[in-house]
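# Structural description and commentary
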Amino acid sequence: MQARSPVHSGWLFSPDYQPSYREPSFDDSLWEVVDLPHTNVVLDRHYVDEASFCFVSTYRKTLHMALPKGYMATIRFEGIASQAKVFGDGVLLHTHKGGYLPFEVALGSKATIALTVVVDSREDGGIPPFGGSIDYLTFGGIYREVFLLVHTEQRILSLFVESHDSASVQFRAEVSSAKGVGYVARILDAEREIARIETLVLTQSFSSCFTSLSLEPWSPDNPKLYWLELALEEGQVKRVRFGSRSARFAKDGFYLNGERLKLIGLNRHQSYPYVGYAMAESGQREDAMRLKELGVDIVRTSHYPQSPAFLDACDELGLLVFEEIPGWQHLSDEEGWRALCLENVKAMIERDFNHPSIVLWGVRVNESADDDELYAKTNELARKLDPGRQTAGVRNFAKSSFLEDVYTYNDFSHDGTNAGLAKKRTICNTDYPYLVTEFCGHMFPTKRYDSPLHRAQHAMRHFRTLDAMFGSEGISGAIGWCMNDYNTHSNFGSGDQVCYHGVCDQNRSAKLAAYVYMSQKAKVPVMVVSSEPNNGDFPKASLGPLFVATNCDAVRVTYQQELVGTYYPDRKGFPNLPHPPVMLTDLIGKRLEKETYLSSRDRNGLRKLLNKVGSQAGALTLVDKLRMGWFLTRYHLKRSDAVGLFSTYVGNWGKEASVWHFEGLVAGEVVCTETYGESKQPYLSVECRSPILEEKETYAVAWINVTVRKKGMTLPLPYAHEPFTVSLDGPLKLISPSVGVCEGGSAVVLARTIGVQGRATVTICSALGDTSLDFTIT
């Protein structure tokens, strides 16, 4: 029997390296005790010194292994940034280059072994993605999980399963030696056996096929998963999870299980506030759940293979994945660098073959120049390892050499005034399967505390690009840049070394643009107004055009409890979107009906004139003056009456505080509401997805979003920068600082379990009040 156990607790860490550290007799009693995943340095959210994590550090742990006779041990590291040397009892056992894929080290059959792992987190130009300048940080440490594998010499090395139709399942396996042993292969639905094969292993590599099955297809709406278990008669057992589905990009679009699906997606970096890459399984799953809640169909793992825990969550939630090899623009002529590219293709596919969520292998360095010699090899290798999945390679220039199966392109052509996407025929040499893999992003960075006009324009760019995608035949989908803001090098991003490209902030709290994506799905009612209707937020106190991101049939608006009107999605401006925004270009509406002295025709004319003057910040053109003069004369009004009309219906200067109420209607019924102006007192909202923290193979993380809000409003208050303190009671430990601040109304508190069951309380204190969350740790 092969046993797999986590090796995550009780490592010793020193933020430096000396040759003596690898000796078993070295005294490490004063070193810091850490658990994995671990970052080599805790970081600030802004103004990160990009050299602060680029150093060599050392981890030590003595393993005591009660190995049965005939058994041996292997240790598996899921990810170390960015290269590592593993010593056992002072002897170099293995060197690994690259920060994103796993490696295994044979430990033999000793009962005790002193491990020393020397971690080099510096940027080494001989290792992808390094060699040029990259628009993200790679952080440092043993930042993914580590496992001890105990097994006999006869071992199942690999097990790959695929099922492209519900009637059959194929698998292929490799064992460490061929001795003519028998095996049993079973397909399980949970623990219920639904099929089995029994035969002999005659070669080290072998395959077989189950037929006459009736499996449920895996899909975003029904992510059904099965297990395939392979058991050798000598006792070795291996289980892998799989799903049955077909996925194909064709010239006319993407097909999942034979049905064409337009893909809406987002790119994702795996970095987190404070800890960089070092996030446990529960935090990885949190990201997948938030992407699913954002309404996307597909996520691209930009620009490297990401955590197995994140991919497991994508399988379980029904989130499609485009996974790619490490790299960013730079290509090297060095033989070793290019060999590592090929090794990365191999390791990525072998690690992640069984994930039904993955529908594309990215075998080209993101936005790199054409290199037919290298990319012919990466494509050939990918197709050999996995003939059932298509390959892709992301580029940012037109008419690129095309060696993959799907032409994937970063389209940053939209500038807010032109078409949302370039025409496919202007990008491809011929009619290839085609997917847009980035848009918006650096073209319009947006902080959550930017002006409402800026935030609205950010969201509108996402609306226009998605509308263009839905309206373009032959474009399979569009993957926006990106899910969340992230730290970067000083030659990228804003002055604080943060790329504010996300539809969410670093805390994964939604910006306005996130609701563009949420509103395109119909399952859960969505409605958010683009801005609080405050004149003082706009240039010259002129209330800019507002819109509502919604999947409702209509939006009903009232002002001071008076009906303004009912407004409908702008299908003329956005003819292709499933759910266009509702444009609020007229916020006078029916309110003028109380001016009963006006005829219906003149009331409509005055409404248009007042809206026009409002959009001009109160300025009147000569034609406007003539029209207003005509109204004043016709109805025997004075100039002060005209000023009063403008103040009442447009400017609201000197009047009572405005209260606006918005109702989302579906089939005539109110399904969601927003109110602005009714509540004056902000409050601190403290939320965590679950009060249960379950330690599995490593510690669990409580992801606590802290936001400043007002009652009735969906988005956090964009100009709230509220400080707070954090205290803990019970078996939890803070990851984030004990003093924090809401930036643009948003912050995150991260706390982790410490291997002890029980109850714990997290208390957030601020001038807005104190809030506590209770947790049960299992």
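Look a little higher up for the structure.
Residues numbered from 1 in each chain as written. Predicted model: local features only at pLDDT ≥ 70, side-chain atom pairs only at ≥ 80, totals over all residues. Heavy atoms only, no water.

### Remarks on the pairing of strand S11 (residues 156-165)
In plain terms, the rule: In short, DSSP must find at least two bridges between two strands for them to pair. Runs of E in the DSSP output that reach at least two residues are strands. Runs of H or I that reach at least four are helices, and both are numbered from the N terminus.
Relative to strand S12 (residues 168-175), S11 runs antiparallel, the two being bridged by 7 bridges. Paired with Ser158 across the strands is Glu174, a residue of S12. Taking the residues between adjacent antiparallel strands as the criterion, S11 and S12 are bridged by 2 residues.

### Remarks on the packing of aromatic side chains
Let me state the cut-off plainly: Geometry of aromatic contacts follows a simple scheme: Phe, Tyr and Trp rings, the Trp one being its six-membered ring, pair when their centres are within 6.5 Å, and the pair is stacked under 30 degrees between planes, edge-to-face over 60, tilted otherwise. Type-normalised accessible area, obtained with a 1.4 Å probe on protein chains alone, sets the label of each residue: buried when under 20%, exposed when over 50%, and partly exposed for intermediate values. Our definition puts a charge over a ring when NZ of Lys or CZ of Arg is within 6 Å of the ring centre and also within 35 degrees of the ring normal.
For the structure shown, the criterion picks out 32 aromatic pairs. Relative to Tyr407, the ring of Phe402 lies with its centre 5.6 Å away and its plane at 45°, an arrangement referred to as tilted. Owing to a relative accessible area of 0%, Tyr407 belongs among the buried residues under this scheme. Counting every residue linked through ring pairs, the aromatic cluster contains Phe53, Tyr100, Tyr136, Phe139, Tyr143, Tyr277 and Tyr304. Arg4 extends its terminal NZ or CZ atom over the ring of Phe147, reaching a point 3.6 Å from the ring centre.

### With respect to the nonpolar core
As a reminder of what qualifies: Take the buried Ala, Val, Leu, Ile, Met, Phe, Trp, Tyr and Cys residues and link them wherever side-chain atoms come within 4.5 Å; each set so joined is a nonpolar core. Residue contacts are counted whenever heavy atoms from the two residues lie within 4.5 Å of one another.
Residues Leu291, Leu466 and Tyr517 are the most contacted members of the largest nonpolar core, which totals 67 residues. For this core, the element with the highest residue contribution is helix H6 (residues 452-470), accounting for 7 residues. If we skip the residues at most four places from it in the chain, Tyr517 touches Ile264, Gly265, Leu266, Leu294, Gly295, Val296, Phe439, His462, Leu466, Gly480 and Val503. Of all hydrophobic cores here, the second largest spans 41 residues; its members include Cys552, Tyr676, Ala702 and Ile764.

### A few points about the packing of helix H3 (residues 335-352) against helix H4 (residues 372-385)
Rules: Note on method: axes are straight lines fitted to C-alpha atoms, helices fitted across the in-contact stretch only, with angles between N-to-C directions ranging 0 to 180 degrees. By definition in this entry, angles of less than 35 degrees are roughly parallel, angles greater than 145 are roughly antiparallel, angles of 65 to 115 are roughly perpendicular, and the rest are oblique. Handedness of a crossing is defined here by the sense of rotation of the near helix relative to the far one, left-handed for an anticlockwise turn of less than a right angle and right-handed for a clockwise turn.
Contact geometry of H3 with H4 gives a least axis separation of 10 Å together with a crossing angle of 20°. The orientation of H3 relative to H4 falls into the category roughly parallel. Note on packing geometry: the crossing formed by H3 with H4 is right-handed. Contact residues: H3 offers Arg338, Cys341, Leu342, Val345, Lys346, Ile349 and Glu350, while H4 offers Glu373, Leu374, Lys377, Thr378, Leu381, Ala382 and Leu385.

### Description of the pattern of salt bridges
Heads up, the rule is: Definition used for salt bridges: Asp or Glu carboxyl oxygen within 4 Å of a side-chain nitrogen of Lys or Arg.
Scanning the entire structure with this criterion turns up 48 salt bridges. Between Asp431 and Lys424 there is a salt bridge, with its nearest N and O atoms 2.7 Å apart. Judged by its relative accessible area of 40%, Asp431 is partly exposed. One salt bridge in this structure joins Lys511 and Asp485, with 2.9 Å as the shortest N-O distance. Taken together, the residues span a long stretch of sequence, with Lys511 in the loop between strand S30 (498-499) and helix H7 (514-518) and Asp485 in the loop between strand S28 (477-480) and strand S29 (486-487) at a distance of 26 residues. Residue class for Lys511 comes out buried when judged on its relative accessible area of 4%.

### Comments concerning unusual backbone geometry
Glycine aside, negative phi is the norm for most residues, and most peptide bonds take the trans geometry. Of note, the amide linkage connecting Ala81 to Ser82 takes the cis form, showing an omega dihedral of 0°. The topology assignment puts Ser82 in the loop between strand S5 (71-77) and strand S6 (83-88). Residue Pro128 is joined to Pro129 through a cis peptide bond whose omega torsion reads 10°. On the secondary structure map, Pro129 appears in the loop between strand S9 (112-120) and strand S10 (146-152). A positive phi angle, close to 70°, is found at Arg508, a residue other than glycine. Mapped onto the elements, Arg508 comes out in the loop between S30 and H7. Overall, the relative accessible area of 3% leaves Arg508 in the buried class. One non-glycine residue, His636, lies in positive phi territory at about 55°. One can find His636 in the loop between helix H9 (622-634) and helix H10 (639-651). On the accessibility criterion, His636 (73% relative accessible area) is exposed.

### Considering the sheet that holds strand S46 (residues 769-777)
Sheets are built from strands paired through backbone hydrogen bonds, the pairs being either parallel or antiparallel. If you walk across this open sheet you meet the 5 strands as S39-S46-S45-S41-S43, and the pairing is mixed. Bordering the open sheet on either side are strand S39 (692-693) and strand S43 (739-741), each of which pairs with just one other strand. Pairing geometry for strand S41 (residues 723-729) and strand S45 (residues 758-766), over 5 bridges, is antiparallel. Note that in S45 the partner of Asp729 across the bridge is Thr761.

### Considerations on the sheet that holds S11
As summarised here, the arrangement of the 3 strands in space is S11-S12-S15, forming an open sheet in which the pairing is antiparallel. Bordering the open sheet on either side are S11 and strand S15 (205-210), each of which pairs with just one other strand. The sheet shows a mean angle of 15° between the axes of neighbouring strands, direction not considered.

### Some words on the side chain of Arg351
Of note, Arg351 is situated in helix H3. On the accessibility criterion, Arg351 (14% relative accessible area) is buried. With sequence-adjacent residues up to four places away left out, Arg351 is seen in contact with Arg76, Glu78, Tyr100, Leu101, Pro102, Arg144, Pro305, Gln306, Pro308, Leu311 and Glu323.

### Side note on H10
Taken residue by residue, H10 has Ala642, Leu645, Ser647, Tyr649 and Gly651 as its buried positions. At its buried positions, H10 is contacted by helix H8 (600-615) and H9.

### Concerning the packing of H8 against H9
Where we set the bar: All residues other than Ala, Val, Leu, Ile, Met, Phe, Trp, Tyr, Cys, Pro, Asp, Glu, Lys and Arg, Gly among them, are scored as polar; the first ten of these are nonpolar and the last four charged.
Where H8 meets H9, the closest approach of the two axes is 11 Å, and the angle between their N-to-C directions is 140°. Viewed along their axes, H8 and H9 adopt a mutual orientation that is oblique. For the pair H8 and H9, the crossing hand works out as left-handed. The residues of H9 that touch H8, namely those facing Asp602, Gly605, Leu606, Leu609, Leu610, Lys612 and Val613, are Asp624, Arg627, Met628, Trp630, Phe631 and Arg634. Among the residues forming the contact of H8 with H9, the class breakdown is 7 nonpolar, 1 polar and 5 charged.

### Some details on H3
Note the threshold: The span expected for a helix works out to 1.5 Å for each residue beyond the first.
The terminal C-alpha atoms of H3, which comprises 18 residues, lie 26 Å apart, in line with the 26 Å expected from a rise of 1.5 Å per residue. Among all positions in H3, only Trp337, Arg338, Leu340, Cys341, Asn344, Val345, Ala347, Met348, Ile349, Arg351 and Asp352 are buried. Against S5, strand S7 (91-97), helix H2 (308-317), strand S23 (320-324), strand S24 (358-362) and H4 lie the buried residues of H3.

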